[in-house]
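# Residue-level structure breakdown
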Amino acid sequence: MSKRLIGIEIGGDTLRIAILNRGKGQMTIGSLQERSYADSDELAGHLNELLAGEFGFGDQLATSLLARSAYVRNLNFPFQDEKKIAAAVPFELFGQLPVSNDDCATATQKIRHAAAEASVAAAAVPRQTLEALLALFEQAGVPLHRVDLAPFCYAASLGEQIGDGFLVCATDRETSVCLLQNGELTD
């Protein structure tokens, strides 16, 4: 049974949708679509038109937030215990940010271990930003499975193919430059 990966990019005034078909160990392009929009109602209408009612059991729908919509910090800890790190992240992160932890949702990347230390990239996204995005997909009647943050989403999906090198993504809203080492975003 073929499953689809559906990626959605919401630009300043352009909606882009990429549908990849995944089956029997192969990935093929199903469709690439682009539509202009003037406001959130028109954007929701395009989402509904292009995606509504076409979902199968294994389909996965993902979108990303702009890097500038979040506060990101690289946190360092003098210990490696993952439970301790998980407990310490909110205190360390919000000690460095100009916002309250009550106003944000947080996420972390995979913990990087070195000698007796550990580091982790942590992000805080204002809840209003997430709520607006989720409301848009709800208005369109489109189930959203994953929301990720640029440039981490690029590294997660392309890092394995790149290995070591730079990944540059330039859109009409921002440009991200990432350093990848062993397929993982390091800077």
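Below is a short write-up of the structure.

## Structural notes on helix α3 (residues 127-140)
- A rise of 1.5 Å per residue sets the reference length of α3, with its 14 residues, at 20 Å; its end C-alpha atoms lie 20 Å apart and thus fit the reference within 8%.
- The set of residues buried in α3 consists of Leu 130, Leu 133, Leu 136, Phe 137 and Ala 140. On an axial view of α3, the arc spanned by its buried residues comes to 125°, and they lie on one face. Opposite the buried face of α3, by more than 90 degrees, sit the exposed residues Gln 128, Glu 131 and Glu 138.
- Those residues of α3 hidden inside the fold are in contact with β1 (3-10), α1 (40-51), β4 (60-65), β6 (104-108), β8 (117-126) and β9 (146-149).
- Gly 141 sits one or two residues past α3 and shows a positive phi near 70°.

## Section: the sheet that holds strand β2 (residues 14-23)
- Taken in spatial order, the 5 strands line up as β3-β2-β1-β4-β9 in an open sheet, and their pairing is mixed. Edge strands, defined here as strands with exactly one partner in the open sheet, are β3 (26-36) and β9. Neighbour to neighbour, the strand axes of the sheet diverge by 20° on average, direction disregarded.
- Strand direction decides the pairing type here: β2 and β3, joined by 10 bridges, are antiparallel. By the bridge assignment, Leu 15 is partnered in β3 with Arg 35.
- Contacts between α1 and the sheet are confined to β1, β2, β3 and β4, with β2 contributing the most and set at about 20° to the helix.

About the thresholds
- Residues numbered from 1 in each chain as written.
- Predicted model: local features only at pLDDT ≥ 70, side-chain atom pairs only at ≥ 80, totals over all residues.
- Heavy atoms only, no water.
- Helix = DSSP H or I, 4+ residues; strand = E, 2+ residues; numbered from the N terminus.
- Expected span 1.5 Å × (residues − 1).
- Buried < 20%, exposed > 50% of the residue type's maximum accessible area, 1.4 Å probe, protein only.
- Arc of directions from axis to C-beta.
- Contact = heavy atoms within 4.5 Å.
- Pairing = 2+ DSSP bridges.
- Axes fitted to C-alpha atoms, helices over the stretch in contact; angles between N-to-C directions.

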